[in-house]
Amino acid sequence: MKLPSMIKGWLNPQIDPERALKSYASTGNSKYLTLLVEHFNLSLYHYVLSQSDQELAEDIIQSVWLKVMHATRSTNEHTNVKSWLFTIARNTLIDELRRQQRWQWQELSEHYLSHEPVEQVVSEADRLTQFNYAITQLSFYQREAFIFQQEGFSVLEICQLTNESYETIKSRLRYARNNIKSLLGTQA
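Calculation notes
Residues numbered from 1 in each chain as written. Predicted model: local features only at pLDDT ≥ 70, side-chain atom pairs only at ≥ 80, totals over all residues. Heavy atoms only, no water. Helix = DSSP H or I, 4+ residues; strand = E, 2+ residues; numbered from the N terminus. Buried < 20%, exposed > 50% of the residue type's maximum accessible area, 1.4 Å probe, protein only. Contact = heavy atoms within 4.5 Å. Axes fitted to C-alpha atoms, helices over the stretch in contact; angles between N-to-C directions. Parallel < 35°, antiparallel > 145°, perpendicular 65-115°, else oblique. Left-handed = near helix turned anticlockwise from the far one by under 90°. Core = buried A, V, L, I, M, F, W, Y, C linked by side-chain atoms within 4.5 Å. Salt bridge = Lys/Arg side-chain N within 4 Å of Asp/Glu carboxyl O. Phe/Tyr/Trp six-rings, centres within 6.5 Å; stacked < 30°, edge-to-face > 60°. Lys NZ or Arg CZ within 6 Å of the ring centre and 35° of its normal.

Novice: I'm lost on the overall build of the chain in this one. Help?
Specialist: Check the secondary structure of the chain and you find 10 helices and 0 strands. Ordering the α and β elements of the chain from the N terminus gives α-α-α-α-α-α-α-α-α-α. A burial count over the chain gives 38% of its 188 residues as buried. Taking contacts inside the chain between residues at least 6 apart in sequence as the whole, the part at least 24 apart equals 66%.

Written as structure tokens, this is what we have:
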């Protein structure tokens, strides 16, 4: 028996992140923060993990939620909670990479990328492993733009998150796709 869509919504209510953040800011009730964590924690973690290692990603995510807990005064100005959270995660990650002197600040040109297909580098691995390996070979900025796009952000939203121009983000995405195709040995 199928339930009408209106009744399904009653049984499984969708979270409104903006409302949850405002409610948390005004009441301090942890149930609203818990809703935000349940809704965004995994995607934030995957983004940070794609740019670092597991230990650093876990530390960054903890820092992000601590910053959210302490930023309740300024939460009323955020109309897109997802963008706000990813901005906090990105800035926290960059700060920590700089602190650890692991920050890669320059773009990698095609000259530095290995033109060997990933199949030769990752022998007998499945396609997902090959794809993940190809992503790790991208520069920080290309990988970041690509991951943000995979998280559902538009080019304009990525521009806002990174404080870069529209053309810069489009270029990074184009280079990322071309480099991934080249590394996977597919047609560019």
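So, next bit.
Novice: Is there a simple way to explain the packing of helix 7 (residues 127–136) against helix 10 (residues 166–184) in this structure?
Specialist: What describes two packed helices is the angle between their axes and the distance between those same axes. Taken N-terminus to C-terminus, the directions of helix 7 and helix 10 make an angle of 130 degrees; their axes are 9 Å apart at the nearest point. Of the possible angle classes, the one that applies to helix 7 and helix 10 is oblique. Here the hand of the crossing between helix 7 and helix 10 comes out right-handed. When helix 7 is examined against helix 10, the residues Arg127, Gln130, Phe131, Ala134 and Ile135 are found in contact with a partner set consisting of Ile180, Leu183 and Leu184.

Novice: For this particular structure, what's the right way to read the nonpolar core?
Specialist: It is characteristic of soluble globular proteins that their nonpolar side chains tend to be buried jointly. The biggest cluster of nonpolar side chains holds 47 residues, and the ones touching the most others in it are Leu44, Val48, Trp65, Val68, Leu85 and Leu93. Secondary-structure elements contributing two or more residues to this core are helix 2 (17–27), helix 3 (30–51), helix 4 (54–70), helix 5 (81–99), helix 7, helix 8 (140–150), helix 9 (155–162) and helix 10. Among the elements that line this core, the one with the most residues is helix 5, at 9 residues. Excluding residues within four positions of it along the chain, Val48 makes contact with Ala57, Ile60, Ile61, Ala89 and Leu93.

Novice: Can you help me understand the pattern of salt bridges in this one?
Specialist: Where charged atoms of side chains with opposite charge meet at close range, the side chains can pair. Here the structure, examined in full by the defined rule, presents 4 salt bridges. Between Arg90 and Glu144 there is a salt bridge; the shortest N-O distance is 2.4 Å. Linking Arg90 in helix 5 with Glu144 in helix 8, this pair joins segments that are 54 residues apart in sequence. Assigned by exposure class, Arg90 and Glu144 land together as buried. For Arg99, the salt bridge goes to Glu96, with nearest N and O atoms at 2.6 Å. Of this pair, Arg99 and Glu96 both sit in helix 5, 3 residues apart, roughly one helical turn.

Novice: Honestly, the environment of Arg19 in this entry has me stumped. Any pointers?
Specialist: Following the sequence through the fold, Arg19 ends up in helix 2. Sequence separation between Arg19 and Thr79 is 60 residues, and the spatial gap between their C-alpha atoms is 9.8 Å.

Novice: Mind showing me how you'd approach the packing of aromatic side chains here?
Specialist: For any two aromatic rings, the description comes down to two numbers: the centre-to-centre distance and the angle of the planes. As enumerated under the stated definition, the model contains 7 aromatic pairs in all. Seen in terms of ring centroids, Phe140 and Tyr141 are 5.7 Å apart; in terms of plane orientation they differ by 85 degrees. Their pairing is edge-to-face. Judged by relative accessible area, which is 3%, Phe140 ranks as buried. Among the aromatic residues, those joined into a cluster by ring pairs are Tyr47, Phe86, Phe148 and Phe153. Directly above the ring of Tyr141 sits Arg172, whose terminal nitrogen or CZ lies 4.3 Å from the centroid.

Novice: Explain the environment of Leu161 here, please?
Specialist: On the secondary structure map, Leu161 appears in helix 9. Judged by relative accessible area, Leu161 falls into the buried class, the value being 3%. Put simply, Leu161 and Phe86 are 75 residues apart on the chain and 7.3 Å apart in space, counted from C-alpha to C-alpha. Among residues more than four places away in sequence, those in contact with Leu161 are Ser83, Phe86, Thr87, Arg90, Phe148 and Phe153.

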